Structures are given as C-alpha cells and as structure tokens.
Amino acid sequence: MLSDQDLDRRRIAELELRQAQYDASLAERRYAACDPDNRLIAAQLEKAWEGALQRVKACRQRLDVVSAPAAVGV
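Residues numbered from 1 in each chain as written. Predicted model: local features only at pLDDT ≥ 70, side-chain atom pairs only at ≥ 80, totals over all residues. Heavy atoms only, no water.

Visitor: Go over the overall build of the chain with me, naming the residues and quoting the values.
Guide: For the chain, the helix and strand inventory stands at 2 helices and 0 strands. By the compact-globule yardstick of 11 Å for 74 residues, the chain is too spread out, its C-alpha radius of gyration being 17 Å. Projected onto the principal axes, the alpha-carbon positions of the chain cover approximately 60 × 20 × 10 Å. In the chain, buried positions account for 15% of the 74 residues. A separation of at least 24 residues holds for 70% of the contacts in the chain among residues at least 6 apart in sequence. Accessible surface, the chain as shown: approximately 6,000 Å² in total, 55% of it carbon and sulfur. (Helix = DSSP H or I, 4+ residues; strand = E, 2+ residues; numbered from the N terminus. Rg over C-alpha atoms; globule rule 2.2 N^0.38 Å. Buried < 20%, exposed > 50% of the residue type's maximum accessible area, 1.4 Å probe, protein only. Contact = heavy atoms within 4.5 Å. Areas by Shrake-Rupley, 256 points an atom, 1.4 Å probe, with all protein chains shown as cover.)

Visitor: Which residues make up the packing of aromatic side chains, and what are the values?
Guide: This model, assessed by the stated rule, comprises 1 aromatic pair. Between Y31 and W49, the aromatic rings sit 5.4 Å apart at their centres with planes inclined by 35°, giving tilted as the arrangement. With Y31 in helix α1 (residues 2–33) and W49 in helix α2 (residues 39–67), this pair connects stretches of sequence that are 18 residues apart. Given the relative accessible area of 21%, W49 is considered partly exposed. (Phe/Tyr/Trp six-rings, centres within 6.5 Å; stacked < 30°, edge-to-face > 60°.)

Don't take any of this as a statement about function, it's just geometry.
Here it is, written out as structure tokens:
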C-alpha cells in the first residue's frame, strides 16, 4: 500500500514537471515572438519566462526527492 502511494506521488511530480516544462516552452516562444523595441512587454515576458524556468527547476528537485529511495528506518 505504501508503494502505491509512492508511485502516485512520483506520477504527480512527473505530471507537474511536464506541465512546468510546457509552460516554460510557451513563455520562451512568447518572449521570442515579442518585438524587442517594445521593451516593457519584452521585460514582462522575460520575467514570466524566468519564473517558468524556476518552476521547472523546483519541479525537478521535487521529483528527485520523490524518486529517491526512502532511507527512513534503515
């Protein structure tokens, strides 16, 4: 039963990572499509892209923690 919960946590973490990667890719495309002369919009899009990349990093770290073998009680 515990292993089912672990598998569920891992699957959820994987799905969150996939969503974060998609969001980061979308933010990158939006930034790339922006007119560089429109500095205010470009700055906002760049900030959104950086935030999305930070979310990807956090999701990867969470997945690493969930995927690591439990050393509790050893």
